[in-house]
There are 2 protein chains.
Amino acid sequence: MMSTHIASVYDEDLKYLTRRISEMGGLAEQMVAESVRALVNSDLALAQKVISDDAILDDAERQIGEKAIVTIAKRQPVASDLREIMGSIRIAADLERVGDLGKNTAKRVIAVSSASLPRQLARGLEHLAELALVQLKEVLDVYASRSPEKANSIRERDNEIDAIYTSLFRELLTYMMEDPRNITPCTHLLFCAKNIERIGDHATNIAETIYYMATGAQPVGERPKDDTANTVGAIGN
Amino acid sequence: MMSTHIASVYDEDLKYLTRRISEMGGLAEQMVAESVRALVNSDLALAQKVISDDAILDDAERQIGEKAIVTIAKRQPVASDLREIMGSIRIAADLERVGDLGKNTAKRVIAVSSASLPRQLARGLEHLAELALVQLKEVLDVYASRSPEKANSIRERDNEIDAIYTSLFRELLTYMMEDPRNITPCTHLLFCAKNIERIGDHATNIAETIYYMATGAQPVGERPKDDTANTVGAIGN
């Protein structure tokens, strides 16, 4: 009876972590979507909302970290339960970074809003954000299912985002060369594009963590990341 | 006798983590210093070395993470020992990111090397890197001492790096406006400057982790970070 009780409380602890991470994921997605909408529509109020929302994500990460440590200390889990808890900490850290990237994009709305964004450029940014958000949404779905196979397939999708980022990078350089007045706003747009591209990296990190949580191993094969230095723009970390 | 034996093996585990983190810190510092040297001198061979060295740092982070989990599972530590181990994981992650930033700078050496870097710009980048490296070095010394007071004083130093970054950002924009041929190389230099500025953020993260390891609490007071959006350039996360 006693051990059933302990197990069920323990289960509650793990469920709490899963639920909080899903909430973080939802908020991070929303922040990224709103930051790009604010950027494209020069919506300063929406940008301000994204900047404020970041504190919620920071708090959630801290609370997840504290809950994880308390759970480890109290329950002394081993093997897959321990991986589950350690994985929660890593995923929460990645989601917190995604929120930071949304916040950073939102902060650039003021600097960019003085210039009128050419429609084609806005479309490019929106497209990049859509892809990154699809990847983030999918990885959060995989988190709910804990499927290592699905986690591995998401890792392979990051190159598509990198390719769009590179073409957007080149397009921004063209605008800058055409008219020096474009240089300052386009510089901020370059950083915004980089922010969005990095969301894909965090989705990949999360996919790797889910794979590790489910299997106890690192995903097999090289991380699918353009690692050559000779293409302008597609310079990842 | 038995418990002394266990405690001393346990101590060895913690010492292993501390030693590996110090090694990571040394390599991360070296990579950043060499990446900036490669950039300023257009030294492609040195850039390539930095890019290769990153794999060592990635491996070290993974090994520290695995050792941490095995230690938690075997020794089931509580309170300060658990914080010590959890802190190791976080610090290793920050140092791995510092290495990534050095690697990203190194990757941009090819794109920049076609242009001759004005001496003033090179000096600015070197100065920014010096400050970031001093901060990283100091935080690694504080890690060795585990002093929460010293950890807190490092947190307050990040604004200096932000100010230099902002002035470098403005200077780069000026070069881009002067001559469209400067736009592509200067864009890469903008990202390099941003990479170096972010090293300061990671040093601040590490300082906060050390404070937490020593006290079990988050540092008091707002993180000293320029959080306003209306200054061009000084846009942190």
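For the structure, see preceding data.
What comes next concerns the included structure.

Parameters and conventions
Residues numbered from 1 in each chain as written. Chains lettered and ligands numbered in written order. Predicted model: local features only at pLDDT ≥ 70, side-chain atom pairs only at ≥ 80, totals over all residues. Heavy atoms only, no water. Helix = DSSP H or I, 4+ residues; strand = E, 2+ residues; numbered from the N terminus. Buried < 20%, exposed > 50% of the residue type's maximum accessible area, 1.4 Å probe, protein only. Contact = heavy atoms within 4.5 Å. Areas by Shrake-Rupley, 256 points an atom, 1.4 Å probe, with all protein chains shown as cover. Core = buried A, V, L, I, M, F, W, Y, C linked by side-chain atoms within 4.5 Å. Salt bridge = Lys/Arg side-chain N within 4 Å of Asp/Glu carboxyl O. Least-squares fit on C-alpha atoms with pLDDT ≥ 70 in both. Expected span 1.5 Å × (residues − 1). Buried area = accessible area lost by both parts, 1.4 Å probe. Nonpolar A, V, L, I, M, F, W, Y, C, P; charged D, E, K, R; others polar. Phe/Tyr/Trp six-rings, centres within 6.5 Å; stacked < 30°, edge-to-face > 60°. Lys NZ or Arg CZ within 6 Å of the ring centre and 35° of its normal. Axes fitted to C-alpha atoms, helices over the stretch in contact; angles between N-to-C directions. Parallel < 35°, antiparallel > 145°, perpendicular 65-115°, else oblique. Left-handed = near helix turned anticlockwise from the far one by under 90°.

**Observations regarding the overall build of chain A**
When helices and strands are counted, chain A shows eight helices and zero strands. Taken from the N to the C terminus, the helices and strands of chain A come in the order α-α-α-α-α-α-α-α. Per-residue burial for chain A yields a buried fraction of 55% across its 237 residues. Looking at chain A alone, contacts between residues at least 24 apart form 81% of all its contacts between residues at least 6 apart. Accessible surface, chain A as shown: approximately 9,600 Å² in total, 54% of it carbon and sulfur.

**Considerations on the nonpolar core**
Grouped burial of nonpolar side chains is what soluble globular proteins tend to show. Membership of the largest hydrophobic core comes to 149 residues, with the highest contact counts inside it found for Leu95(A), Val139(A), Leu95(B) and Val139(B). Dropping the residues within four chain positions of it, Leu95(B) is found in contact with Ile21(B), Met24(B), Gly25(B), Ala28(B), Leu57(B), Leu136(B), Leu140(B) and Ile206(B).

**Description of the pattern of salt bridges**
Tallying each qualifying case throughout the model produces 26 salt bridges over all chains. Two residues, Lys49(A) and Glu34(A), come together in a salt bridge whose shortest N-O distance is 3.0 Å. Separated by 15 residues along the polypeptide, Lys49(A) in helix H2 (residues 44–75) and Glu34(A) in helix H1 (residues 2–41) bring together distant segments of the chain. Its relative accessible area of 9% is what places Glu34(A) among the buried residues. Ionic pairing is found between Asp100(B) and Arg97(B), a salt bridge with its closest N-O pair at 3.0 Å. Remark: Arg97(B) and Asp100(B) occur in helix H3 (residues 79–107); sequence separation between them is three residues, near one turn of the helix.

**Topic: the relation of the copies chain B and chain A**
Two chain copies here: they are related by a rotation about an axis and a translation along the same axis. Once chain B has been moved 0.0 Å along the axis and rotated by 180°, it coincides with chain A to within an RMSD of 0.0 Å. Classification of the inter-copy transformation places it as that of a two-fold axis. Among all residues of chain B, the one whose C-alpha sits closest to the rotation axis is Gln76(B), at a distance of 3.0 Å. Interface overlap between copies is the fraction of interface residues in one copy that are interface residues in the other; for chain B against chain A it reaches 100%, indicating a shared surface.

**As for H2(A)**
End to end, H2(A) covers 47 Å across 32 residues, agreeing with the expected 46 Å (1.5 Å per residue, within 8%). Positive backbone phi, approximately 45°, marks Gln76(A), located one or two places after H2(A).

**What about helix H5 (residues 119–145) of chain A?**
Relative to the 39 Å expected for 27 residues at 1.5 Å per residue, H5(A) spans 39 Å between its end C-alpha atoms, a close match to the ideal helical length. The positive-phi residue at the C-terminal boundary of H5(A) is Arg146(A), with phi of around 55°.

**Notes on the environment of Thr174(A)**
Take Thr174(A): it is sitting in helix H7 (residues 158–178). Separated by 12 residues in the primary sequence, Thr174(A) and Cys186(A) have C-alpha atoms spaced 9.8 Å apart.

**A closer look at the interface of chain B and chain A**
How big an interface is tends to be stated in terms of the accessible area lost upon association of its parts. Between chain B and chain A, the contact holds 42 residues from the first and 42 residues from the second. Taken together, the two surfaces of chain B and chain A that pack against each other cover about 4,000 Å², and 66% of this comes from carbon and sulfur. Linking chain B to chain A there are zero salt bridges. Of all elements in the fold, only helix H2 (44–75), H3, helix H7 (158–178) and helix H8 (183–215) of chain B reach the threshold of two or more residues within the side of chain B that touches chain A. A total of nine residues in the side of chain B that touches chain A trace back to one element, the largest contributor, which is H8(B). In the side of chain B that touches chain A, the residues fall into 21 nonpolar, nine polar and 12 charged.

**Considering unusual backbone geometry**
Phi at Arg146(A) takes a positive value of approximately 55°, unusual for a residue other than glycine. Take Arg146(A): it is sitting in the loop between H5 and helix H6 (148–155).

**Remarks on the packing of aromatic side chains**
Within this structure, the stated rule accounts for five aromatic pairs over all chains. With 6.0 Å between their ring centres and 65° between their planes, Tyr165(B) and Phe169(B) make a pair best called edge-to-face. With Tyr165(B) and Phe169(B) both in helix H7, this residue pair falls four residues apart, about one helical turn. Residue classification places Tyr165(B) among the buried positions, given a relative accessible area of 1%. These aromatic residues form a ring-pair network of at least three members: Tyr165(A), Phe169(A), Phe191(A), Tyr165(B), Phe169(B) and Phe191(B). Sitting over the ring of Tyr143(B), Arg146(B) keeps its end group 4.2 Å from the ring centre.

**Regarding the packing of H5(A) against H7(A)**
Residue and element names in this part refer to chain A. Two elements in contact, H5 and H7, have axes separated by 10 Å at closest approach and are oriented at 160°. When the interaxial angle is binned, H5 and H7 end up roughly antiparallel. By crossing handedness, the relation of H5 to H7 is classed as left-handed. For the pair H5 and H7, contact is made by Gln120, Leu121, Gly124, Leu125, His127, Leu128, Leu131, Ala132 and Gln135 and by Asp158, Glu160, Ile161, Ile164, Tyr165, Leu168, Glu171, Leu172 and Tyr175, respectively. Its residues assigned to classes, the contact of H5 with H7 shows 11 nonpolar, four polar and three charged.

The analysis is restricted to geometry; functional conclusions fall outside its scope.
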